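# Architecture at a glance
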Amino acid sequence: MDNMDIVIVEDNYHDVEMILDALDESGIKSDFLVCRDGAEAVRQFFDPTGGFISEKRRLPKLILLDLKLPKINGMEVLKLLKSDHKTKYIPVVVFTSSNEARDRKESYELGVNSYLVKPLDADQFAVHIGQIIDYWIRLNVNAD
Amino acid sequence: MINPLPRTINKTLLIALAIFISASSAITIFGFYIYQYQKKEIGRAASQQLSAIAELKVWEITTWRNERIGDANVIYQNDSFAENVAEYFNNPLSPELKENVLSLLASTQKSYHYQNILLIDKNKTVRLTMQKYDPDFGFRHADIINQAFDLNDIIVSDIHRDERDKSEHISVVIPISMIKKSRSIPIGTVIILVDPQLRLYPTIKKWPMPSATGEALLVHREGNDVVCLNELRHVKNTPLILRHPITKISLPPVKAVLGFQSAFEGIDYRKKKVFAAVKAVPDTTWFLVAKIDQEEIFASLTMRFWLIVFFILGAISILGILVAYVWRYQQAKYYREQYELEYKRAFMYARSLIEASLDPLVTISTEGKIMDVNKSTEFITGRTRNELIGSDFSSYFTEPEKAERGYKHVFEKGVIRDYPLSIRNISGQATDVLYNAVLYKDENGEVQGIFAAARDVTALRRAEKELKVAHDELELRVEERTDDLKRANNALELEIRERKEVEKLIALRTKLLEVTNKELESFSYSVSHDLRAPLRAIDGYSRMILRDQRDHLNDEAKRKFDLIRTNTQMMGRLIDDLLSFSRLGRLEINMSKLDMEGLVNDVWMELQIINPDRKIDFNIQSIPPGQGDRTLIKQVYSNLLSNAVKYTKSKDKAYIETGGYQERNENIYYVKDNGVGFDMDYYDKLFGVFQRLHSTDEYEGTGVGLAIVQRIIHRHGGRVWAEGQVEEGAVFYFTLPIKDCLTNG
C-alpha cells in the first residue's frame with residue numbers, strides 16, 4: 001500500500017468529511033485530492049495549470065465523483081474523463097445521492113466503472129467506502 | 001377477309017409449272033432432233049447426189065478417155081498404117097507415101113479437134129504434124145514414148161503443162177511397130193495432143209443441176225502435194241497450179257488422194273464447209289472430187305430450222321397460255337369460293353344481329369311498305385313476318401299520319417331521331433316508342449329505302465311520371481327539413497363555440513399541469529436530495545462522535561446519540577416514502593399481463609431476506625393472472641405483505657395467506673394475516689397519508705404504505721378495502737379490472 005492517489009470530487013463539505021473519515025477508517029494511506037466543483041476537477045486534469053499536467057503528477061488510482069456539482073456537473077466531468085485517452089483508464093466511481101435510473105444509465109453509458117448511491121445511514125456509508133477501496137485499490141491491478 | 005391461297009393451290013401451280021417446263025423442254029428437244037434428222041437427211045441426200053454426180057463425171061471422163069483411146073486405136077491397130085509409115089520413113093520425099101500417112105492422121109484429126117497429131121520416128125524426130133510443133137517435142141516426150149514401146153500399148157499421159165506456151169495438154173502416145181517374123185519392130189510414134197480445155201474441162205465443170213457452189217475437181221498426187229488438174233469455179237488459173245500439201249486432210253482433194261471413198265464432209269480451199277464425193281478415175285491417177293458447199297445444201301435447212309423454231313415457240317406459247325389459263329381458273333375458282341363463304345358468313349352475322357336486337361327493326365321501301373322485319377317487330381305488333389312484309393308501315397301505329405310524316409321526313413332529310421310514336425299491337429295494346437331511322441342507299445347512291453329502329457319507352461315514360469311525383473314530394477320534405485336543420489345548425493354553432501372555449505381552457509390547464517408536474521418532479525427530487533444531505537451529515541457526525549469519543553461519553557449520551565441516529569434514519573425513510581408517494585400521481589402505467597403468483601413469490605423472497613429471523617407460515621392460494629403495471633403491482637404486494645409481516649410479529653404462529661378469485665368482470669386479490677388487526681371504527685383513517693392506527697414505537701412505519709397501495713390500485717381503475725378485527729388479524733382486498741385488449745409484456 002504505497003502512495004496511491006485518490007481524487008474526490010464532492011461539493012458538500014460534510015460529505016467530504018465523512019468520506020475522508022471513512023477512508024481513514026478503512027486504513028488507507030494515500031495522497032488524495034479534493035475538488036469542490038466540476039470546474040476544479042476539469043482544471044486539474046485537463047488544464048496546463050492543473051496539477052496533473054504542470055507538476056507532472058502521476059495519474060490517480062481512483063476518482064470518487066459526485067454528480068451534483070456546481071459549475072461543471074459530474075456527468076460532464078465523467079464524460080471528459082472517459083473520452084480523453086490519458087484519463088479514460090482511471091477507475092471512476094460515481095458516489096451520488098441520486099437513485100435516479102436515468103442518472104445511473106447515463107453514467108454507465110459514459111463508461112463509469114461503478115455507480116453507488118450515498119446511503120443515509122452512516123454505517124452503510126463507511127461500508128461502501130471501504131468496499132470501494134477494497135475493490136478498486138487494494139485488489140485492482142492496473143493495466144500499466 | 002379472304003384467305004390467301006392455300007398450299008394446295010400453290011402446289012397445283014407448281015405442278016402446272018413443272019409440267020409446262022418439262023413439256024417445253026420436250027418440245028424443244030423434239031424440235032432439235034427433228035432438225036438434226038432433217039439435216040442428216042439433207043446431208044445424206046446431198047452426199048448421194050454428189051456421189052451420183054461424181055460417178056457421172058467419172059463415167060463422162062472415162063468415156064471421153066475411151067474415145068480418145070479409141071481414136072488412137074484406129075491408128076494403132078492399122079497394120080497398113082505402120083507399113084505406110086515405114087515406107088514413108090524410107091522415102092520421105094514421096095508425096096504419095098506422105099499422103100498415105102497423112103490421110104489417116106487427118107481423118108483422126110477430123111473426128112475430134114485435136115490440138116495436134118505428130119508423127120515421130122525412132123530417133124525422136126518429129127516427121128509429120130497437123131499443126132505447128134515444137135522441134136524438141138519428140139525429145140521432151142522421150143520418156144513416155146519409150147514407156148509406150150515398152151508396154152507396146154497406147155499410153156494416155158496425165159495432164160501436163162507445156163512450158164513454152166503454158167498450155168495444158170494430154171498426150172496420147174501410140175507406138176507404131178511392125179510385126180516381122182513375129183517380132184515387133186518399132187517404127188515410130190504417133191502422139192495425139194489433146195487439149196483438155198476442149199472437152200475435158202467443160203465436162204468436169206458441167207454441173208448436172210443448177211447449183212451455186214457445186215463443182216468438180218480432178219486431182220492427182222504429185223509427191224507430197226495434191227494437184228488440181230482442172231479449172232475451178234471459184235478460183236482462176238488453177239490447173240496444175242493450185243496445190244495443197246497432203247497434210248491438209250480436211251481438204252477433199254487430199255482426202256481423195258488418200259483413198260477416201262464415197263461421200264464425206266470437209267473444208268475446201270476457200271475454208272468453207274463442203275460436202276464432197278470422190279471417185280477414182282479408173283486407169284488413171286486421177287480422182288474426181290465432186291463438192292458442194294454445205295451452205296447451199298443446208299440453205300433449205302435454214303428455212304426449215306426457223307420453221308421448227310417458230311413451231312416450237314408457238315407450241316410452247318400455247319402451252320404456256322394453257323397453263324396460265326388453267327391456273328387463273330383455279331385461282332378464280334378458289335377466290336370465288338372464299339368470297340361466297342365470306343359473304344355467307346357476313347350475311348349470317350348481320351342477320352343474327354338484326355334478329356337478336358330487342359328493338360323492333362324494320363326496313364321501309366320508298367312507297368312506305370315494309371320490306372323486312374326482325375322478331376322484335378313481330379312481337380311488338382303481334383303479327384307474323386309474312387303479314388308484315390309488303391304492308392303499309394304506318395298502319396301499325398295509333399297515329400298513322402304521324403308515322404307517315406315521320407318516314408317521309410327521312411326520305412327528305414335522310415335521318416330522324418327519337419321520333420315519338422305508339423305502336424298498336426293486334427291485341428289492342430299500344431306501346432310507346434321512339435323511332436330512329438336513316439336512309440340507306442345502294443353502291444350507286446340510289447335510295448333503296450329506310451332502316452328504322454324503335455326503342456320501347458313505356459318503362460321510361462312510367463319512370464318519368466313516378467319521378468315527378470317523387471320529386472314534388474321530396475321538395476316538400478326538403479323545405480321542412482331545411483328549416484329544422486337551420487335551427488339545429490344555429491344551436492350547434494353555439495355549442496361548438498362554447499366547446500372551443502372549454503377546449504382552450506383545458507389545453508391551458510393541461511399545459512399548466514404539465515409544467516406543474518415537471519416542477520413538482522424536479523422539486524421533489526432536489527428536495528429529497530437536499531433533505532438527505534444534512535440528515536446524512538447528522539448521522540455521520542453522530543456516528544463519528546460515538547466511535548471516536550466512546551470512552552468520553554456516558555451511557556445517557558450514547559443513548560441520546562443513538563436516538564439522534566435512529567431519528568435521522570426514520571426521517572430518511574419518510575422522505576423516500578413521500579417522494580415515491582408524490583411520484584405515483586405522475587407515473588405512467590405500463591399495462592401487461594401479470595403472473596400474480598410469480599410476483600407474490602418474488603416479493604416474499606425479498607421479505608424473507610430482509611427478515612431472516614421471522615418464521616412465518618406463508619400460504620399462496622391460487623391467484624388468477626391480472627392486468628397491470630408490474631412494478632406498481634409488485635409494490636402493492638410488497639407493501640401489503642411487509643405490513644402483514646410487521647403486524648404479525650407479536651404472534652407466535654404468524655400466518656399469512658394470499659390468493660385471488662374472479663368475480664363478474666374483475667379479479668379480487670387478498671392478503672390475509674392473523675396479526676394485530678385494526679379497529680374497524682377507524683376504517684376511514686386506514687388508507688390516509690400519514691394516518692397511523694398504531695404508534696410508532698409499537699410498529700415502525702411512516703403510514704404511507706397503504707396510501708401508496710390505494711393510489712396505485714385506483715390508478716389501475718380498481719378498488720381497495722379491508723376488514724379487520726383487533727388482535728384477530730386483517731384482510732386487505734384489491735381488485736384489478738379485466739380488459740379485453742392486452743399488450744404482451
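The structure displayed is predicted, hence computed values, not measured ones.

Another aspect to go through is the sheet that holds strand β2 (residues 32–35) of chain A. Working definition: the strands of a sheet are paired by backbone hydrogen bonds and lie parallel or antiparallel to each other. Residues and elements named next belong to chain A. Across the sheet, which stays open at both edges, the five strands sit in the order β2-β1-β3-β4-β5 with parallel pairing between neighbours. Among the strands making up the open sheet, the edge pair consists of β2 and β5 (114–117). When strand polarity is set aside, the average angle formed by the axes of neighbouring strands in this sheet is 15 degrees. Pairing between strand β3 (residues 62–65) and strand β4 (residues 92–96): three bridges, direction parallel. Across the sheet, residue Leu64 finds its bridge partner in β4, namely Val93. The strands that helix α2 (residues 38–46) touches are β1 (6–9), β2 and β3; relative to β2, the one it contacts most, it runs at about 135 degrees.

Okay, the interface of chain B and chain A next. On the chain A side, the residues contacting the 19 residues of chain B number 21 residues. Regarding the contact of chain B and chain A, the summed buried area is about 1800 Å², with carbon and sulfur atoms giving 49% of it. Between chain B and chain A we count seven salt bridges in total. Of the charged contacts in the structure, one is a salt bridge between Asp15 of chain A and Arg536 of chain B, with a shortest N-O distance of 3.1 Å. Applying the counting rule to chain B against chain A returns 10 residue pairs in polar contact (both at pLDDT 80 or more). Its residues assigned to classes, the side of chain B that touches chain A comprises six nonpolar, five polar and eight charged.

Before going further, it helps to spend a moment on the sheet that holds strand β15 (residues 415–424) of chain B. Residue and element names in this part refer to chain B. Read from one edge of the open sheet, five strands run β14-β13-β17-β16-β15, paired in antiparallel fashion. A single partner strand is all that each edge strand has here, and the edge strands are β14 (370–373) and β15. On average, adjacent strands in this sheet sit at an angle of 30 degrees to one another, irrespective of strand direction. Pairing analysis gives three bridges linking strand β13 (residues 361–364) to β14, with the strands arranged antiparallel. What sits directly across from Thr363, in β14, is Asp372. Contacting β15, β16 (430–441) and β17 (447–456), helix α13 (residues 458–548) crosses the sheet at an angle of about 130 degrees to β16.

Here the focus is the side chain of Thr658 of chain B. Among the secondary structure elements, Thr658 of chain B is positioned in strand β21 (residues 654–663). Contact partners of Thr658 of chain B, with chain neighbours within four places excluded, come to Val600, Phe618, Asn619, Ile620, Gln621, Ile623, Tyr637, Tyr670 and Val671 of chain B.

As a further point, take the environment of Leu258 of chain B. All names here are of chain B. Its place among the elements puts Leu258 in the loop between α7 (252–257) and β10 (262–267). When its relative accessible area of 40% is taken as the criterion, Leu258 is described as partly exposed. Separated by 37 residues in the primary sequence, Leu258 and Arg221 place their C-alpha atoms 9.0 Å from one another.

With that settled, the discussion passes to the packing of aromatic side chains. Aromatic rings considered in pairs are described by the distance between their centres and by the relative angle of their planes. Within this structure, the stated rule accounts for 23 aromatic pairs over all chains. Ring centres 5.2 Å apart and planes at 70 degrees place the aromatic pair Phe95 of chain A and Phe125 of chain A in the edge-to-face group. Placement of the pair is Phe95 of chain A in strand β4 and Phe125 of chain A in helix α6 (residues 122–138), with a sequence separation of 30 residues. Per residue, the accessibility class of Phe95 of chain A equals that of Phe125 of chain A, and both read buried. Plain terms: the ring middles of Tyr135 of chain A and Trp136 of chain A are 4.9 Å apart, the flat faces sit at 85 degrees to each other, and that makes the pair edge-to-face. Taken together through their ring pairs, the aromatic side chains of Phe393, Phe397, Tyr407, Phe411 and Tyr435 of chain B make up a single cluster. Between Arg68 of chain B and the ring centre of Tyr112 of chain B, over which it is positioned, the NZ or CZ distance is 3.6 Å. Note that Lys402 of chain B overlies the ring of Tyr419 of chain B, its terminal NZ or CZ placed 5.6 Å from the centroid.

With that settled, consider the pattern of salt bridges. Any two side chains of opposite charge can pair, so long as their charged atoms come close to each other. In the structure shown here, the tally under the stated rule is 44 salt bridges over all chains. Glu501 of chain B is paired through a salt bridge with Lys504 of chain B; the nearest N and O atoms lie 3.8 Å apart. Residue Glu501 of chain B and its partner Lys504 of chain B are located together in helix α13, separated by three residues, close to a single helical turn. Taken together, the salt bridges that share partners define one network made up of Asp21, Glu25, Asp121 and Asp123 of chain A together with Asp539, Arg543, Arg547, Asp548 and Arg565 of chain B.

How each quantity is defined
- Residues numbered from 1 in each chain as written.
- Chains lettered and ligands numbered in written order.
- Predicted model: local features only at pLDDT ≥ 70, side-chain atom pairs only at ≥ 80, totals over all residues.
- Heavy atoms only, no water.
- Pairing = 2+ DSSP bridges.
- Helix = DSSP H or I, 4+ residues; strand = E, 2+ residues; numbered from the N terminus.
- Axes fitted to C-alpha atoms, helices over the stretch in contact; angles between N-to-C directions.
- Contact = heavy atoms within 4.5 Å.
- Buried area = accessible area lost by both parts, 1.4 Å probe.
- Salt bridge = Lys/Arg side-chain N within 4 Å of Asp/Glu carboxyl O.
- Polar contact = N/O pair within 3.5 Å; in protein donor to acceptor, adjacent residues only side chain to side chain.
- Nonpolar A, V, L, I, M, F, W, Y, C, P; charged D, E, K, R; others polar.
- Buried < 20%, exposed > 50% of the residue type's maximum accessible area, 1.4 Å probe, protein only.
- Phe/Tyr/Trp six-rings, centres within 6.5 Å; stacked < 30°, edge-to-face > 60°.
- Lys NZ or Arg CZ within 6 Å of the ring centre and 35° of its normal.

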